[in-house]
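Here are the chains, one letter per residue:
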Amino acid sequence: MTVFLLLYLCADATRTDCQVIMADSWNGAHAYEQCTDVVPGLTKALTEPNRKRHRFVCEIQGDGAKPTEHKAQPAFIHQSFRM
């Protein structure tokens, strides 16, 4: 099993306009547990306002599946993300 740690960078707290970035990955029987173990620390490292907008997600990928790739937004959004 392969598990990807994905970071959802969102424009606001509604989390409707997000970009997905693969942050890390694990393989093996305990991959999901390894991923979920790091999420609380990473979330805590975000500033309070950013915790409301951004999130870390562990996603299990099946055989032959590829991680969700970073998708460019159709319109340019000028925004600074501070973590």
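Presented here is a report on the structure given in the accompanying data block. (Residues numbered from 1 in each chain as written. Predicted model: local features only at pLDDT ≥ 70, side-chain atom pairs only at ≥ 80, totals over all residues. Heavy atoms only, no water.)

## Focus on unusual backbone geometry
Note the threshold: Each helix corresponds to a stretch of at least 4 residues labelled H or I by DSSP, and each strand to a stretch of at least 2 residues labelled E; elements are numbered beginning at the N terminus. Only protein chains enter the area calculation, which uses a 1.4 Å probe; residues under 20% of their type maximum are buried, those over 50% are exposed, and those in between are partly exposed.
One non-glycine residue, R15, lies in the positive phi region at around 60°. Structurally, R15 can be placed in the loop between β1 (2-10) and β2 (18-27). Overall, the relative accessible area of 33% leaves R15 in the partly exposed class.

## Quick look at the sheet that holds β1
To be explicit about the condition: Strand pairing is assigned whenever DSSP identifies at least 2 bridges connecting the two strands. All axes here are fitted lines through C-alpha atoms, helices being fitted over the stretch that makes contact, and every angle between N-to-C directions spans 0 to 180 degrees.
As summarised here, the arrangement of the 3 strands in space is β2-β1-β3, forming an open sheet in which the pairing is antiparallel. What marks the edges here is a single partner per strand, and that holds for β2 and β3 (55-61). Along the sheet, successive strands turn relative to each other by an average axial angle of 25°, direction set aside. Pairing of β1 with β2 involves 9 bridges; the strand directions are antiparallel. Bridge pairing in β2 links T2 to N27.

## A look at the state of the cysteines
Going by this rule: By disulfide we mean two sulfur atoms from cysteines, separated by a distance within 2.5 Å.
Applying the stated rule across the entire model yields 2 disulfides. One disulfide bridge connects C10 with C18, the sulfur atoms lying 2.0 Å from each other. Taking the sign of the torsion about the S-S bond as the criterion, the disulfide between C10 and C18, at about 105°, is right-handed. A single burial state applies to C10 and to C18, both of which are buried. Sulfur-sulfur distance for the disulfide between C35 and C58 comes to 2.1 Å.

## Here we look at the packing of aromatic side chains
Cut-off, in case you're wondering: Stacked, edge-to-face and tilted labels apply to pairs of Phe, Tyr and Trp rings (six-membered ring for Trp) whose centres lie within 6.5 Å, assigned for plane angles under 30 degrees, over 60, and everything in between, in that order. Definition used: whenever NZ (Lys) or CZ (Arg) falls within 6 Å of the ring centre and also within 35 degrees of the ring normal, the charge is taken to sit over that ring.
Applying the stated criterion across every chain, the model contains 0 aromatic pairs. Seen from the ring of Y8, R55 lies directly overhead, with NZ or CZ sitting 4.7 Å from the centre.

## A word on the nonpolar core
Worth spelling out the cut-off: Nonpolar cores are built from buried Ala, Val, Leu, Ile, Met, Phe, Trp, Tyr and Cys residues. Side-chain atoms within 4.5 Å join them into one set. Contacts between residues were defined by any pair of non-hydrogen atoms, one from each residue, lying within 4.5 Å.
Core analysis: the largest hydrophobic core is formed by 11 residues, namely V3, L5, L7, L9, W26, A31, C35, V39, L46, F56 and C58. Looking at this core, the elements with two or more residues in it are β1, α1 (31-45) and β3. A total of 4 residues in this core trace back to one element, the largest contributor, which is β1. Excluding residues that lie within four positions of it along the chain, V39 makes contacts with L5, F56 and C58. Among the nonpolar cores identified, the runner-up in size contains 6 residues, and F4, L6, Y8 and V20 belong to it.

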